[in-house]
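Per-entry structural report
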Amino acid sequence: MSLTPPLASMVEAFQKLPGVGPKLAQRLAFHMLRQPNDFMDGFVQALLHAREQVHPCPVCFNLSGQSPCEICVNPHRQRQALCVVADPRDLLAVEKARTFSGLYHVLGGLISPLDGIGPEQLKIRELIRRLNPSLDETLSQQLPAGNDYPAVTEVILALPPSTEGDTTSLYLTRLLKPLEVTVSRIAFGLPVGGDLEYADSLTLSRALAGRQTL
């Protein structure tokens, strides 16, 4: 017996989510249909609200509901240290470790020639601009007035220990070295090929503490 078309369409929509196969999609669809109308309405509104309000921060490119994001405008963050991550989910993983108190820069991916992703597709040019001690005019307008923003002295590459992560780290190291900043990479307490977002807080904390200068 096949599913009725509206239900089949719902299952198909769930299958488009990452990591959701046919069986899980079917369970989710049946679960949602058993929920009261107010739950369904709230769920749909939350999705629409997030899509309308959440955008990349113009400074660090983390996802946020404000511009610049909460981290960039936080006066208690250590502004001399900049942690470079591939994805906003990696940023959240580092934050959960509660070891790093500096700022972030989200590349938006990793260099992967096989997937057609080169340096031009990543936020590398924007990273170089952020390392200007005086900040360029665009960034000066985006950050709150009345604050003194010291120059970044250390760039921490918190990129996964994969082929793409190693390639991106090597490219950034060569690019950043002439800018007279310390370039380090988190220690490899992480499994080779693993993603930062799946690492536990203790492992990430030790990886950050044991970072090595490149």
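Above: the structure in question.
Residues numbered from 1 in each chain as written. Predicted model: local features only at pLDDT ≥ 70, side-chain atom pairs only at ≥ 80, totals over all residues. Heavy atoms only, no water.

What follows covers the layout of surface pockets. What the second largest pocket holds in volume is close to 150 Å³. Met10, Ala13, Phe14, Met32, Met40, Phe43, Val44 and Leu47 are the residues that line the second largest pocket. Elements with a contribution of two residues or more to the lining of the second largest pocket: helix 1 (5-15) and helix 3 (37-53). A per-class count over the lining of the second largest pocket returns eight nonpolar, no polar and no charged. (1 Å grid on protein atoms, 1.4 Å probe; cavity = no way out; pocket = protein on both sides within 12 Å on 5 of 7 lines; lining within 4 Å. Points joined across faces, edges and corners; volume = space filled by probe spheres on them. Helix = DSSP H or I, 4+ residues; strand = E, 2+ residues; numbered from the N terminus. Nonpolar A, V, L, I, M, F, W, Y, C, P; charged D, E, K, R; others polar.)

Here the idea is simple: oppositely charged side chains can pair when their charged atoms come close. In total, this model carries three salt bridges according to the counting rule given. Between Arg77 and Glu95 there is a salt bridge; the shortest N-O distance is 2.9 Å. In this pair, Arg77 sits in the loop between strand 2 (63-64) and strand 3 (78-85) while Glu95 sits in helix 4 (residues 88-97), placing the two residues 18 residues apart along the sequence. Where Arg185 meets Asp166, a salt bridge forms, and the shortest distance between an N and an O atom there is 2.9 Å. Here the residue Arg185 occupies a position in strand 6 (residues 182-185), and Asp166 occupies one in helix 7 (residues 163-176), the gap between them amounting to 19 residues. (Salt bridge = Lys/Arg side-chain N within 4 Å of Asp/Glu carboxyl O.)

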